[in-house]
Amino acid sequence: MTTAARPSLNPGIPPAKNMQGSPTPLSVLGAQADTERQRIRQQFETGTSARETLRAQCELADRNVQQIFDEVLRVQSREPQGLCLLALGGYGRRMLFPYSDLDILFLLGNERIEQESRPLISEFSRTLWDIGFRVSSAGRTLEECKRIEEDNAEFHLALLDRRFLAGDAALFEKLDTKVLPASEKQARPFLLAQIHRLTRERLMRYGNTIFHLEPNVKESPGGMRDYQAAIWLRQIVDERKGIRNITAAEEELSAAAVDFLSAIRCFLHYSNGRNDNTLTYELQAAAAERGLGVGDGVARTPAEWMRQYFRHARTLNRQLLRYLEQKAPVPLTLRQRFFNAARTAKFEPGGDKFFAVRDGLLEVLDQPVLSDRAVTYSLFAEAARTGTPLSREAERSIGYILTHPELPPKNTEIPWATLREILSSDYPGVALRSMQRLGLLTEILPEFGMIDSLVVRDFYHRYTVDEHSLRTIEHLQELAEPPDERGAHFGPLWKTAERRDLLILTLLLHDVGKGMSVENHVTGGLTALASAAKRLNLSSEEKEEVHFLIEHHLDMSATVQRRDIFDPATVSAFAQSVTTLERLQRLCLLTYADIHSVNPEALTPWKAEMLWQLFVATSNHFSRTLDRDRLHAPDEGSLLERVQALAGGTTLEEIERFLEGFPRRYLAVHSAAEIAAHLALYQKLGTDPVQTEILATRHGFSLTLLAADRPALFATISGVLTGWGMNINKADAFANAAGVVLDTFHFADLHRTLELNPSEAERFRKSLADVVNGKAPLEPLLKSRESTGRGRAPKVTVETRINFDDASSAHSTLLEIVTQDHPGLLYEIGSALARLACNIEVALIDTEGHKAIDVFYLTAQEKKLTTQKQELLREVLQGTLA
């Protein structure tokens, strides 16, 4: 086997010459190819279809490939016998995008010809590169093509799209009609298994959902890879024994989807000048402005246009999943599945069998009965009760009945009792997914249709609003068997929650306001509830409960992120707003699911633990067992003993002296091992007045610093981090009764300085200590980073909000800042606080995408800030953050 990689190019090399030394026609091919590429692009940008653009790209490549191959044969005095060129993959199926590779196979008659052809292959590939084609080539002898390489499944799949280009046509005919049909038939089980494996791996990388805010139109679920995988399955499988034919209407929808996505991919290639297939926010806006892919040239809003994209992506993804399901040895829905013990069939009271469970999927056995909507809903109720999904073929049958009512529909209105049965079951998400795909969910809840495929641009949420909402429900049903430690505390809450139906209905409605023209999406959600409650005939008590959960669905998250939850005043105020333990339980589950569904990293173990701590503290408050006079929880003595066991000979008195005066929050957010490590740093302060520890974490690094309190300490640390090019994501600041400050910063190493140069960690620690101790100035560090500060305008603009709160804490004034995150932000805020002599008692620093959410518990001369100082601080901060 031979493979031609990209050669290094030297613009100074003269054009290729023939054996007599005279210039060949190849010297002008590059300019001609560039001119033709520009013409194709201009035609696409003035309205030529993607299909025509791809055809033109292929014809351009074919002409050049054939001409160069003929010329190289002539120069080397070779005949084409025993050698031919094949186009593979996208090039083979004539779907060549502007910056895609040319996948070319050199087919060789035998090993001798292979040896002789190596210079020719090298010269051919080099020339194609020189005139602007990206070449991905490989060589195989005819004998090698008979063998299946189990470690190279991608090659054999690409070979399914083979197309003759140039050379020995008889050799290609032999491969195409005699060699490959036999080997491909023998390898059919292997190829099917590989398509399943590769597809599973790819879709899992993208969360098994089409609803990404910035999708990759090639690789994401619903992208062009889904279409190609479906085509491969149809090529490999004998349709008489396997995949059932799709209807003409389905073929038409699939072709329209391919045309739409092809137009997008051409647009992305031309816009980026490379093979980049990510549909970014900026390019969504540009595509929407020209009505890309729609064909009418009418401008649309990005949200409207993206809904078109998701409808087409859903078509391709749904087709692929149905094919996979039909040929998979086990059910393959590529989504979270919950299966109970297998059941063979389900019978109606009258004795007529209308559905069965086969291979862990619900199959419809009697399609006509589905005209009775009550029968259809009973199927969804079974899915929700058992966790057994409907097969894609069952969904297809239901979809046909819904859109082709040859039989008069019956019982089209779903009673609340039936919907409640679905929503209150153990696996409501299993049923709701199918109902959404079929359009039944928006039929029952038209309000949910307002967020169908809705993109909200904030760089914190990963998914569309409807996908986010359905994921909240799926994350709750996972709690029956929590998949990781984050859900361990919350599993019992889910299992014992009363009126789950009201919680699930809340999750379906809580974000629909994002699809309405309202300033506050919570207000929109409450408006949607009013219409839904009337249509579903909710009781006043049921409506009131859902109203509370929608109205307060952000409260628990905000309390965790923006308040010291170990301050009794915070817990008391939160408990007063929740009012009952039952509401607390539902609100906690809602908050857990809501954060978890934002993006895969949103619910960190720390956030999950803080949410649980707030639930426990509030539950204790309701039970009147909260001991407000204690520094820590009732097992404080046990904690001290654990710290002592880890601290190696330190006395309990010394540990208590270190901990005395720290907020309860410190004891709760740090483990005994972490406290013991901090204690060790504290004990070294006599030797070195600044003690630091840097640790690598999953998402970056953490810095812990202990030092005697001094003016502007928090701002100084923030400034050093900024000067070193670090982006602070989270921070905590504490001080004990002895005036020792313990600050913890979690930061991202934007330039990978510490990751790529481990020795730099010690230089960073020395730089930090020197600045804190006054041995080195901070300004030179900051100036070195000014050029990389706020260079590019942010993709999402965050309005700055500054609020003060004197009621939430008995001893401090709370300052809450929500603003655009940028490098150096925390230093700017900390410096402003230091200039006005504000002492930071507790700092809660967090980020959500491009939004910084910083909360400071402040005092001045050991008292809350006066009204005058608050207004002065507001004025200073507004000027700083403008």
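Residues numbered from 1 in each chain as written. Predicted model: local features only at pLDDT ≥ 70, side-chain atom pairs only at ≥ 80, totals over all residues. Heavy atoms only, no water.

Attention now goes to the overall build of the protein chain. The helix and strand tally for the protein chain stands at 35 helices and 16 strands. Within the protein chain, buried positions represent 55% of all 882 residues. For the protein chain, restricting intrachain contacts to residue pairs at least 6 apart in sequence, the fraction spanning at least 24 positions comes to 72%. Of the roughly 38,600 Å² of accessible surface on the protein chain, a fraction of 50% belongs to carbon and sulfur atoms. (Helix = DSSP H or I, 4+ residues; strand = E, 2+ residues; numbered from the N terminus. Buried < 20%, exposed > 50% of the residue type's maximum accessible area, 1.4 Å probe, protein only. Contact = heavy atoms within 4.5 Å. Areas by Shrake-Rupley, 256 points an atom, 1.4 Å probe, with all protein chains shown as cover.)

This brings us to the sheet that holds strand 13 (residues 801–805). Read from one edge of the open sheet, eight strands run 9-10-12-11-15-16-14-13, paired in antiparallel fashion. The two strands at the open ends of the sheet, each matched to only one other strand, are strand 9 (690–697) and strand 13. This sheet shows a mean twist of 15° between the axes of neighbouring strands, independent of strand direction. Inspection of the sheet shows strand 11 (residues 726–735) paired to strand 12 (residues 740–749) by nine bridges, in the antiparallel sense. Bridging across to strand 12, Ile728 finds its partner in Phe747. Each of strand 9 and strand 10 (700–708) is contacted by helix 32 (residues 760–772), which is oriented at about 145° to strand 9, the strand it contacts most. (Pairing = 2+ DSSP bridges. Axes fitted to C-alpha atoms, helices over the stretch in contact; angles between N-to-C directions.)

The subject of this paragraph is the packing of helix 21 (residues 540–551) against helix 24 (residues 581–596). Taken N-terminus to C-terminus, the directions of helix 21 and helix 24 make an angle of 50°; their axes are 10 Å apart at the nearest point. Classified by the interaxial angle, the pair formed by helix 21 and helix 24 is oblique. With respect to the hand of their crossing, helix 21 and helix 24 are arranged in right-handed fashion. Along the contact surface, helix 21 presents Glu544, Glu545, Phe548 and Leu549, while helix 24 presents Arg583, Arg586, Leu587 and Leu590. (Parallel < 35°, antiparallel > 145°, perpendicular 65-115°, else oblique. Left-handed = near helix turned anticlockwise from the far one by under 90°.)

Even without being glycine, Asn411 reaches a positive phi, approximately 55°. Following the sequence through the fold, Asn411 ends up in the loop between helix 13 (392–403) and helix 14 (416–423). With a phi close to 50°, Arg499 is a non-glycine residue in the positive phi region. Considering the arrangement of structural elements, one finds Arg499 in the loop between helix 18 (491–496) and helix 19 (500–509). Owing to a relative accessible area of 26%, Arg499 belongs among the partly exposed residues under this scheme.

Here the focus is the pairing of strand 4 (residues 135–141). Burial runs high along strand 4: six of the seven residues are buried. With seven bridges connecting them, strand 3 (residues 102–108) and strand 4 associate as parallel partners. Its bridge partner being in strand 4, Ile104 is matched across the sheet by Ser137. Handedness of the strand 3-helix 4 (residues 111–130)-strand 4 crossover: right-handed. (Right-handed = clockwise from strand over helix to strand, strands pointing away.)

Before going further, it helps to spend a moment on the pattern of salt bridges. One pass over the structure, following the stated rule, counts 53 salt bridges. Across the pair Asp161 and Arg93 runs a salt bridge, and its minimum N-O distance is 2.9 Å. Separated by 68 residues along the polypeptide, Asp161 in the loop between helix 5 (153–159) and strand 5 (163–167) and Arg93 in the loop between helix 3 (89–92) and strand 3 bring together distant segments of the chain. Its salt-bridge partner being Arg300, residue Asp296 comes within 2.7 Å of it at the nearest N-O pair. Beyond isolated ion pairs, a larger network of salt bridges with shared partners links Glu250, Arg322, Glu393 and Arg396. (Salt bridge = Lys/Arg side-chain N within 4 Å of Asp/Glu carboxyl O.)

Relative to the helices and strands, Ser557 resides in helix 22 (residues 555–562). You can call Ser557 buried: its relative accessible area is 14%. The contacts of Ser557, once residues within four sequence positions are left out, are Thr591 and Ile595.

Here we come to the packing of aromatic side chains. By the definition in use, this model includes 17 aromatic pairs. Taking the centre distance of 5.9 Å and the plane angle of 20° together, the rings of Phe701 and Phe747 count as stacked. Remark: Phe747 occurs in strand 12 and Phe701 occurs in strand 10; sequence separation between them is 46 residues. Taken individually, Phe701 and Phe747 each receive the classification buried, so the pair is uniform in this respect. Ring pairing ties together the aromatic residues Phe490, Tyr592, Trp612 and Phe615, which thus form one cluster. Of note, Arg583 hangs over the ring of Phe548, and the distance from its end group to the ring centre comes to 4.2 Å. (Phe/Tyr/Trp six-rings, centres within 6.5 Å; stacked < 30°, edge-to-face > 60°. Lys NZ or Arg CZ within 6 Å of the ring centre and 35° of its normal.)

To continue, consider the nonpolar core. Grouped together as the largest cluster of nonpolar side chains are 110 residues, with contacts concentrated most on Phe380, Leu476 and Phe658. Of all the elements, helix 24 adds the most residues to this core, at eight residues. The residue makeup of this core includes at least three contributed by each of domain 3 (333–444) and domain 4 (684–881). Beyond its immediate sequence surroundings of up to four residues, Phe658 is in contact with Tyr666, Ile675, His678, Leu679, Tyr682, Leu706, Asn736 and Leu742. Formed by 66 residues, the second largest nonpolar core is a distinct cluster that contains Ala61, Tyr91, Leu213 and Ala257. (Core = buried A, V, L, I, M, F, W, Y, C linked by side-chain atoms within 4.5 Å. Domains from an automatic or database assignment.)

A word on the packing of helix 9 (residues 248–272) against helix 10 (residues 281–289). At their nearest, the axes of helix 9 and helix 10 sit 11 Å apart, and the two run at 120° to each other. In terms of orientation, helix 9 lies oblique with respect to helix 10. Pair helix 9 / helix 10 crosses with right-handed handedness. Between helix 9 and helix 10, the contacting residues are Phe267, Leu268, Ser271 and Asn272 on the first element and Leu283, Ala286 and Ala287 on the second. Among the residues forming the contact of helix 9 with helix 10, the class breakdown is five nonpolar, two polar and no charged. (Nonpolar A, V, L, I, M, F, W, Y, C, P; charged D, E, K, R; others polar.)

We now examine the side chain of Asp594. Here Asp594 lies in helix 24. We note that Asp594 is buried and unpaired, the nearest opposite charge coming from Lys514 at a distance of 6.7 Å. A polar contact is formed between the side chain of Asp594 and the side chain of His468, at a distance of 2.7 Å. Beyond its immediate sequence surroundings of up to four residues, Asp594 is in contact with His468, Thr472, His510, His553 and Leu554. (Lys, Arg positive; Asp, Glu negative; His and termini not counted. Polar contact = N/O pair within 3.5 Å; in protein donor to acceptor, adjacent residues only side chain to side chain.)

Most of strand 14 (residues 813–820) sits out of view: eight of its eight residues are buried. Looking at chain direction, strand 13 and strand 14 are connected through five bridges and run antiparallel. Bridge pairing in strand 14 places Arg801 opposite Val818. As judged from the eight bridges shared by strand 14 and strand 16 (residues 851–859), these two strands associate in the antiparallel manner. What sits directly across from Leu814, in strand 16, is Tyr857.

A few words now on helix 35 (residues 867–881). Relative to the 21 Å expected for 15 residues at 1.5 Å per residue, helix 35 spans 21 Å between its end C-alpha atoms, a close match to the ideal helical length. When we look at burial in helix 35, the residues that qualify are Gln870, Leu873, Leu877 and Leu881. What you see down the axis of helix 35 is that its buried residues fit within an arc of 65°, all on one side. What points out from helix 35, more than 90 degrees from its buried face, is the exposed set Gln868, Glu875 and Gly879. (Expected span 1.5 Å × (residues − 1). Arc of directions from axis to C-beta.)

Moving on, we get to helix 27 (residues 652–659). Residues of helix 27 that are buried: Ile655, Phe658 and Leu659. Buried positions in helix 27, seen along its axis, are confined to an arc of 90° and lie on one side of it. Remark: Gly661 follows helix 27 within two positions and exhibits a positive phi of approximately 95°.

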